[in-house]
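# Structural characterization, general
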Amino acid sequence: MTASISDHLLAWYDKHARALPWRLPPGAPLPDDPAWPYRVWLSEVMLQQTTVAAVKPYFEKFTALWPDVTALAAAPDDAVMAAWAGLGYYSRARNLMKCAREVAVRGGFPTTEAELRQLPGLGDYAAAAIAAIAFGQRAVVVDANVERVTARLFAITDPLPGARKAIRAATAGITPATRAGDFAQAMMDLGAQTCTTRSPRCLLCPLRAHCRAHAAGAPERLPVKPAKKPVPERSGTAFWITRQGGAEVWLVTRPGKGMLGGMRALPDDGWSARADGSGMVPLAGDWRELGAVRHGFTHAQLTLRVMALDTDSPPPGEGQWRPVSQIEDAGLATLFAKAARLALAGG
DNA sequence: CATTCGTGGGG
DNA sequence: TCCCCAAGAAT
């Protein structure tokens, strides 16, 4: 039988695999070390909808602070949320803690795809990826890279998300019985570096001869994606409330669900992706207008006005005074870090 | 099935 | 500047 797609791809991967902090060299035996599945799991969660470049420093920080799942399970919530600050999609960090604690109680990660799928924060993709990469099991791993590569290989022209079933079936058809983890990572490397969204580098592609979209002449058109909805424009106000002449600032912890859920933050006027903030100040005083910051979310574009007040009276509600000198370590999401920077610059 | 959830980099 | 989107999951 002629060499298969997976054979070609694995041979390519053996030469061209990216070296990544959470990855073994191609073909390496799986370490018999509980820290190994932990690192695979941590990287997979961090990499959800997030670029490799963005993940790297966070992966290094997390593994230095918490080298294994037991250590992470024992960490206080606010420390984990603060360490995640800036990486985005904060429900991942909340689920990360839930998952770590479940895994610590049961004495280690489960090794089957079905069991992994039951853990918080692990969906179809991550469960398959961890089963294959961490435990060497044959699992069909489909992320956005694989979706793109497979749609092109087989010239699947049905638009997403309807095409997912066919894409998954086609991916299953080329997933090998052994080295499924390397195969998945090879597909993702290929998608990230060669079979890219806008201008695929077909001349460098090991699967060029197998690719129906390349043969047809317009691989960059696949997969067909649905039109995106317009992003609404929102406005809100954040409050930089200090005491002792600006030495300490009042920070709150946002509710556990919703935008920036569970994160330490500046108090604000209740803006959301769905509605503008009220614009009302939380306490009376001689407020100063410092200006505004712009911040783009996936589903809203926000202009956040920043107002400042130095006061001796405690603001209403839960919160705590934090030293302004350590604001960089307070664990603010990027939006509020921008607002804090504006305040520190004096408007 | 559609919506909600961040952020930073590249074209 | 603007738009696109990246190792998706939860609801």
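No experiment lies behind these values; they were computed from the predicted model shown.

Rules used throughout
Per-chain numbering applies: the sequence of each chain, read as written, is numbered from 1 onward. By the order in which they are written, chains take letters starting at A while ligands take numbers starting at 1. Given that this is a predicted model, residues contribute local features only at a pLDDT of at least 70 and side-chain atom pairs are listed and counted only at 80 or more, while totals for whole chains, interfaces and linings are drawn from all residues. As a convention, hydrogens and water are excluded, and side-chain values are obtained from all of the structure's heavy atoms. Two cysteine sulfurs form what is called a disulfide whenever their separation falls within 2.5 Å. We call a residue near a molecule or strand when any one of its heavy atoms sits within 4 Å of it. Each polar contact in these results corresponds to two N or O atoms within 3.5 Å; when the atoms are within protein, one needs to be able to donate a hydrogen and the other to accept it, and residues that are neighboring in sequence are counted only if both atoms are side-chain atoms. With a 1 Å grid spanning the protein atoms alone, the term cavity applies to any set of points in which a 1.4 Å probe fits but cannot get out, the term pocket to an open set with protein on both sides within 12 Å along at least five of seven lines, and the term lining residue to any residue with an atom within 4 Å of a point. Grid points are joined across faces, edges and corners, and a volume is the space filled by probe spheres set on the points. Secondary structure counts use DSSP, requiring at least four H or I residues in a row for a helix and at least two E residues in a row for a strand, with both numbered from the N terminus. Just so you know the grouping, Ala, Val, Leu, Ile, Met, Phe, Trp, Tyr, Cys and Pro go in nonpolar, Asp, Glu, Lys and Arg go in charged, and all remaining residues, Gly too, go in polar. Any two strands with at least two DSSP-identified bridges between them are counted as paired. What counts as a domain boundary in this text is fixed by an automatic or database domain assignment. Note on contacts: a residue pair is in contact if any heavy atoms of the two residues lie within 4.5 Å. Summed over both partners, the accessible area lost on bringing two parts together, with a 1.4 Å probe, is the buried area.

### With respect to the state of the cysteines
Per the counting criterion, the structure on display carries zero disulfides. We note that Cys 211 lacks a disulfide partner, and the nearest cysteine sulfur, in Cys 202, lies 6.4 Å from it.

### What to know about the protein's contact with DNA strand B
Contacts to DNA strand B come from 21 residues, most closely from Tyr 90, Leu 260, His 295, Gly 296 and Thr 298. When the atoms of DNA strand B within 4 Å of the protein are sorted by group, sugar and phosphate make up 60%. His 299 places a polar side-chain atom, nitrogen or oxygen, 3.3 Å from a sugar or linking oxygen of DNA strand B. With respect to DNA strand B, the backbone of Thr 334 contributes an N or O atom lying 2.8 Å from a phosphate oxygen.

### Observations concerning empty space enclosed by the protein
Scanning the model with the defined rule gives one cavity of 30 Å³ or more in all. Lining the largest cavity are 14 residues; nearest its centre among them are Arg 152, Cys 195, Cys 202, Cys 205 and Cys 211. The biggest single contributor to the lining of the largest cavity is helix α9 (residues 144-153), with three residues. The residue makeup of the lining of the largest cavity, split by class, is ten nonpolar, two polar and two charged.

### Looking at the protein's contact with DNA strand C
Around DNA strand C there are 28 residues in total, and Leu 47, Gly 121, Asp 143, Asn 145 and Thr 197 lie nearest to it. Here the atoms of DNA strand C within 4 Å of the protein split so that 68% fall in sugar or phosphate, with bases taking the remainder. Within the backbone of Ala 126, one N or O atom sits 3.0 Å away from a phosphate oxygen of DNA strand C. Taking Asn 145, its side chain carries an N or O atom lying 2.4 Å from a phosphate oxygen of DNA strand C. Secondary structure elements with two or more residues in the surface near DNA strand C: α8 (124-135), α9 and α11 (180-193). Considering only residue class, the surface near DNA strand C consists of ten nonpolar, eight polar and ten charged.

### A few points about the pairing of strand β1 (residues 233-243)
Examined bridge by bridge, β1 and strand β5 (residues 301-310) share ten bridges and lie parallel to one another. In the sheet register, Glu 233 faces β5, and the bridge partner there is Gln 301. The pairing of β1 with strand β2 (residues 248-253) spans two bridges and is antiparallel. Of the residues in β2, the one forming a bridge with Arg 243 is Glu 248. Taking the residues between adjacent antiparallel strands as the criterion, β1 and β2 are bridged by four residues, where Gln 244 takes a positive phi near 55 degrees.

### Regarding the domain arrangement of chain A
Under the domain assignment used here, chain A contains domain 1 (2-221) and domain 2 (233-344). Taking only C-alpha atoms, the centre of domain 1 and the centre of domain 2 are 36 Å apart. Listed per partner, the contact involves eight residues of domain 1 and twelve residues of domain 2. Here domain 1 packs against domain 2, burying approximately 690 Å² in sum over the two surfaces, 54% of which is carbon and sulfur.

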